[in-house]
Amino acid sequence: MRPLKYRDKVALIAPSSEVNEDNIKKSQKIVKKLGLVPVLGTMGKTDEEKAQDFMWAFTEDDIKGVFCIRGGYGSSRLIPFIDWNKITPKIFLGYSDITALHLAISKFCGFPTFHGAMPGVDLVRKSQISPLFKKIKRCNIIGGNLSIVTSSLGTPYEIDTLDKILFLEEVNESIYKIERMITQLRHANKLHGDILLGHFFDENKKRIPTKTIANIIGKPCKFYPAGHASPNKVIIL
């Protein structure tokens, strides 16, 4: 999979929550500032339409990258409607609810994806997403949003943490819910390796210290500034 280059065409899709005109215009403007050419998907509203957009973005030859405009809710519903055998390796950028698609690509396709800021909701600078423009080295990291990672358990795209570093971040969740999800991951034997923690915020939008989450996990964890706050640095999954 080659990195992005100046004037590459990048598909803008909305596989999660619906987007509005402001989201779309902001995304187009940001992508142009990055030196890329934005190409809009259909912004379909049904799961089948969103899956078709996803398929189009990954099978159209002149599209070199796929950027999710925003997260939200519902991207996991697309998974059964996607023909994963036809998905070709391309730069794929998103986070939050998009975690479900990161996990599915990892499970069914096996190429790296990029956990990072989305142009419809974040201020995206080229320096911030510079790994997308460099030779790609596979990182031994898997994960994303804690809620979505936990909800993958028992599904065909269940997260595989064997011999990998697990990355987790979360927003708008109370401590007891975070502890419950981490406990579920522990029971599923997903916490055996090294763990990297991004930004964590409770239901009152108060930052939760990394040490607090590490104490729930039960072992030291490193912090990396990624997730629902600034800076939201890219992680190669």
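To be clear, the structure that these remarks concern was listed above.
Residues numbered from 1 in each chain as written. Predicted model: local features only at pLDDT ≥ 70, side-chain atom pairs only at ≥ 80, totals over all residues. Heavy atoms only, no water.

### Considerations on the overall build of the protein chain
Across its full length, the protein chain carries six helices and ten strands. Here the C-alpha radius of gyration of the protein chain, 17 Å, is about what a compact globule of 237 residues would show, namely 18 Å. By principal-axis analysis of the C-alpha atoms, the protein chain measures approximately 45 × 35 × 35 Å. Residues classed as buried in the protein chain amount to 54% of the 237 residues present. Of the contacts made within the protein chain by residues no fewer than 6 positions apart, 76% connect residues no fewer than 24 positions apart. Carbon and sulfur atoms make up 50% of the accessible area of the protein chain, which amounts to about 11000 Å² in all. Treating the 35 positive side-chain charges of the protein chain as one cloud and the 24 negative ones as another, the clouds have centres 8 Å apart. (Helix = DSSP H or I, 4+ residues; strand = E, 2+ residues; numbered from the N terminus. Rg over C-alpha atoms; globule rule 2.2 N^0.38 Å. Buried < 20%, exposed > 50% of the residue type's maximum accessible area, 1.4 Å probe, protein only. Contact = heavy atoms within 4.5 Å. Areas by Shrake-Rupley, 256 points an atom, 1.4 Å probe, with all protein chains shown as cover. Lys, Arg positive; Asp, Glu negative; His and termini not counted. Charge placed at Lys NZ, Arg CZ, Asp CG, Glu CD.)

### Considering the sheet that holds strand 10 (residues 235-236)
One open sheet holds the six strands; their spatial order is 2-1-3-4-5-10, and the pairing between them is mixed. Only two strands of the sheet have a single neighbouring strand rather than two, namely strand 2 (37-40) and strand 10. Note that strand 3 (residues 63-68) and strand 4 (residues 91-94) share three bridges and pair parallel. Bridged to Val 66 within strand 4 is Phe 92. Where helix 1 (residues 21-33) meets the sheet, it contacts strand 1 (9-13), strand 2 and strand 3, and its direction lies at approximately 150° from that of strand 2. (Pairing = 2+ DSSP bridges. Axes fitted to C-alpha atoms, helices over the stretch in contact; angles between N-to-C directions.)

### Comments concerning the sheet that holds strand 8 (residues 195-200)
Strand order in the open sheet formed by four strands is 6-7-8-9, and the pairing between neighbours is parallel. This sheet does not close on itself; its edge strands, each paired only once, are strand 6 (141-145) and strand 9 (222-223). Pairing of strand 6 with strand 7 (residues 165-170) involves five bridges; the strand directions are parallel. Residue Gly 144 lies in a different strand from strand 7, and its bridge partner there is Leu 168.

### Thoughts on unusual backbone geometry
Across the junction of Ser 230 and Pro 231, the peptide omega takes the value 0°, indicating a cis bond. Structurally, Pro 231 can be placed in the loop between strand 9 and strand 10. Of note in the backbone geometry, Asn 189 takes a positive phi value of approximately 60° without being a glycine. Relative to the elements of secondary structure, Asn 189 occurs in the loop between helix 5 (175-187) and strand 8. You can call Asn 189 exposed: its relative accessible area is 52%.

### Points about the packing of aromatic side chains
For any two aromatic rings, the description comes down to two numbers: the centre-to-centre distance and the angle of the planes. This structure, assessed with the given rule, holds six aromatic pairs. The interplanar angle of 75° and the centroid separation of 5.9 Å between the aromatic rings of Phe 54 and Phe 92 together place this pair among those described as edge-to-face. Of this pair, Phe 54 sits in helix 2 (residues 47-59) while Phe 92 sits in strand 4; the two residues are 38 residues apart in sequence, bridging distant segments of the chain. With respect to class, Phe 54 is no different from Phe 92; both count as buried. (Phe/Tyr/Trp six-rings, centres within 6.5 Å; stacked < 30°, edge-to-face > 60°.)

### Remarks on the pairing of strand 7
Summarising burial for strand 7: five of the six residues are buried, a large majority. You can see the chain leave strand 6, run along helix 4 (residues 146-151) and come back into strand 7, and the turn it takes is right-handed. Both strand 7 and strand 8 contribute to a ladder of four bridges, which runs parallel. Bridged to Leu 168 within strand 8 is Leu 197. Traced from strand 7 through helix 5 to strand 8, the parallel crossover comes out right-handed. (Right-handed = clockwise from strand over helix to strand, strands pointing away.)

### So, the environment of Glu 48
Note on placement: Glu 48 falls in helix 2. Judged by its relative accessible area of 39%, Glu 48 is partly exposed. For the pair Glu 48 and Glu 18, spaced 30 residues apart in the sequence, the C-alpha separation amounts to 14 Å.

### A few points about the nonpolar core
If you look at the biggest cluster of nonpolar residues, it comprises 48 residues, and the most contacted ones within it are Phe 54, Ile 82 and Phe 92. The contact partners of Ile 82, leaving out residues within four places of it in the chain, are Ala 51, Phe 54, Met 55, Ile 87 and Leu 101. Counting 24 residues, the second largest nonpolar core, distinct from the first, contains Val 10, Val 19, Leu 36 and Ile 236. (Core = buried A, V, L, I, M, F, W, Y, C linked by side-chain atoms within 4.5 Å.)

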